[in-house]
Amino acid sequence: MAAPCAKEQARAGGIDGLVSLVAGDMERVNSFILSRTGSDVTLIPEVASHLISSGGKRLRPMLTLAFAQLSGYEGDGGIRLAASVEFMHTATLLHDDVVDESDMRRGKLAARMLWGNEASVLVGDFLLGQAFKMMVEVGSLAALEVLANAAAVIAEGEVWQLSAAKDLSTTEEAYLGVVQAKTAALFAAAAEVGPIIAGLGERERKAARTYGDSLGIAFQLIDDALDYGGAAELLGKNVGDDFREGKITLPIVLALRNADADERAFWTRTLEQGEIVDGDLEKAIGILRSHNTLEATVQQARRYGDSAIAALDAFPDGAMKDALVDTVAFCIARAY
């Protein structure tokens, strides 16, 4: 992949600004999360805490807090909604690892490897239930509607991805549709509920939604590129997991456009038929690099990043707006 642009180099650590600005509220969110994972069923807090306490940037709940602040909101509703967003995200991770048969999550053994698939799915369901309880406590029907819709869209995206798995005919448009549903929907909802609880209008709501949606897509596209050209510590999972699971991600979609007969036969054997032998991951990376599809994926992520930054024009200038601009650059700079 090519070197980052000057702005990305300057802002590669830019998430620190966002972290600092929401630090006080995030402490309350984290305490709230711990209080809501409690249960008389011992297995529930064990499984939930394994993933919740395992790190992660907590970017989605930070977006809720950031856009609440940016919108001038001063109440407690943002804390509950941010915790709800994190519970929704954690539930999807638990479910994803079962569907994908993943062994690792955030650099640790996936919960399913320790407690089994059944416990992972059911604890994920518990967390979703707790998320919706917290949404109701905020008392904003509009915020509840946005997050409930996101939950439905995410589930649709999961099923859509499952049906598209190993399908070499997947188009770029179809793949981006899956990403928008599976990943970006929660980013968009997390951002939009900020101006909602602040009582702002459709202009600010749409801008926040666009920022979250565009950032979410950019974030996933960078993950797609990293899976074939990154390091495990950046991914929180094993490099090449997408390849081993037969996932048709954007680098593959782009490479298939110009694949010769030998390359198409390789993708058919490895991704469609799941017949992977030693050296196949390295060969896959070599093919992707020969077609420049990893760099093309990063360039696509940059375009979505530009869209996210442009959406912030609806909000007043200041430290929080600058931090949200920096966050976009940080997400894209992970590719280097």
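Rules and cut-offs
- Position numbers for residues count from 1 along each chain, tracking the sequence in the order it is written.
- Note on the predicted model: pLDDT of at least 70 is required for a residue's local features to be given, and 80 or more for side-chain atom pairs to be given and counted; whole-chain, interface and lining totals, by contrast, use all residues.
- Side-chain metrics in this entry use all non-hydrogen atoms of the structure; hydrogen atoms and water are not considered.
- By nonpolar core is meant a set of buried Ala, Val, Leu, Ile, Met, Phe, Trp, Tyr and Cys residues that side-chain atoms within 4.5 Å join together.
- Per-residue accessibility, obtained with a 1.4 Å probe over protein chains only, is compared with the maximum for each type, and a residue is labelled buried under 20%, exposed over 50%, and partly exposed between these values.
- Here a residue-residue contact requires only that any non-hydrogen atoms of the pair lie within 4.5 Å.
- Numbering of helices and strands runs from the N terminus; a helix is a DSSP stretch of H or I covering at least four residues, while a strand is a stretch of E covering at least two.
- Angular values range over 0 to 180 degrees, each being the angle between N-to-C directions of two axes fitted as lines to C-alpha atoms, with helices fitted over their stretch in contact.
- Throughout this description, any angle smaller than 35 degrees is read as roughly parallel, any larger than 145 degrees as roughly antiparallel, any in the 65 to 115 degree range as roughly perpendicular, and the remainder as oblique.
- Helix crossings fall into two classes, left-handed where the near helix is turned counterclockwise from the far one by less than a right angle and right-handed where it is turned clockwise.
- When residues are sorted by character, Ala, Val, Leu, Ile, Met, Phe, Trp, Tyr, Cys and Pro go into the nonpolar class, Asp, Glu, Lys and Arg into the charged class, and all the rest, Gly among them, into the polar class.
- The patches described consist of residues with a relative accessible area above 30% and no salt bridge, like charges being joined within 9 Å and nonpolar side chains (Val, Leu, Ile, Met, Phe, Trp, Tyr) within 5 Å.
- Each accessible area value is a Shrake-Rupley result obtained with a 1.4 Å probe; residue values ignore everything except the protein chains displayed when judging cover.
- Only one rule defines a salt bridge in this text: a Lys or Arg side-chain nitrogen within 4 Å of an Asp or Glu carboxyl oxygen.
- Any pair of Phe, Tyr and Trp rings, taking the six-membered ring for Trp, is counted once the centres come within 6.5 Å. Such a pair is stacked with planes under 30 degrees apart, edge-to-face with planes over 60 apart, and tilted for the rest.
- A positively charged side chain is recorded as over a ring if its NZ (Lys) or CZ (Arg) lies within 6 Å of the ring centre. The angle to the ring normal must also be within 35 degrees.

Visitor: Could you give me a rundown of the nonpolar core, with the residues and numbers involved?
Guide: With 100 residues, the main nonpolar core has Leu18, Leu59, Phe67, Tyr211, Tyr228, Trp267 and Leu324 as its most contacted residues. The residues contacting Leu59, other than those within four sequence positions of it, are Ile15, Leu18, Phe187, Leu215, Phe219, Thr327 and Cys331.

Visitor: For the environment of Glu145, give the residues involved together with the corresponding values.
Guide: Inspection of the secondary structure puts Glu145 in helix α9 (residues 141-164). Through-space distance from the C-alpha of Glu145 to that of Leu281 is 43 Å; in sequence the pair is 136 residues apart.

Visitor: An account of the packing of helix α8 (residues 117-138) against α9 is needed here, citing residue identities and associated values.
Guide: Closest axis-to-axis distance for the α8/α9 pair is 10 Å, and the angle between their directions is 160°. It follows from the interaxial angle that α8 and α9 lie roughly antiparallel. Crossing angle aside, the handedness with which α8 passes α9 is left-handed. Residue-level contacts link Phe132, Met135 and Val136 of α8 to Leu144, Leu147, Ala148 and Ala151 of α9. Partitioned by chemical class, the residues of the contact of α8 with α9 number seven nonpolar, no polar and no charged.

Visitor: Mind laying out a nonpolar patch on the surface, listing which residues take part and the relevant values?
Guide: The grouping of Leu109, Met113 and Leu114 at the surface amounts to a nonpolar patch, some 260 Å² of accessible area in total. Looking at the secondary structure, you find Leu109 in strand β2 (residues 108-109). Leu109 sits in the partly exposed class, given a relative accessible area of 42%.

Visitor: So what's going on with the packing of aromatic side chains? Residues and values would help.
Guide: Across all of its chains, the model carries six aromatic pairs by this definition. On the numbers, 5.6 Å between centres and 70° between planes, the contact of Phe67 with Phe315 is edge-to-face. One end of the pair, Phe67, is in helix α5 (residues 59-70); the other, Phe315, is in the loop between α17 (293-311) and α18 (319-333), and 248 residues separate them in sequence. Among the residues examined, Phe67 registers a relative accessible area of 0% and is labelled buried. Connected via pairs of aromatic rings, a cluster forms that spans Tyr228, Phe243, Phe266 and Trp267. The ring centre of Phe219 lies 4.0 Å from the NZ or CZ of Arg334, which sits over that ring.

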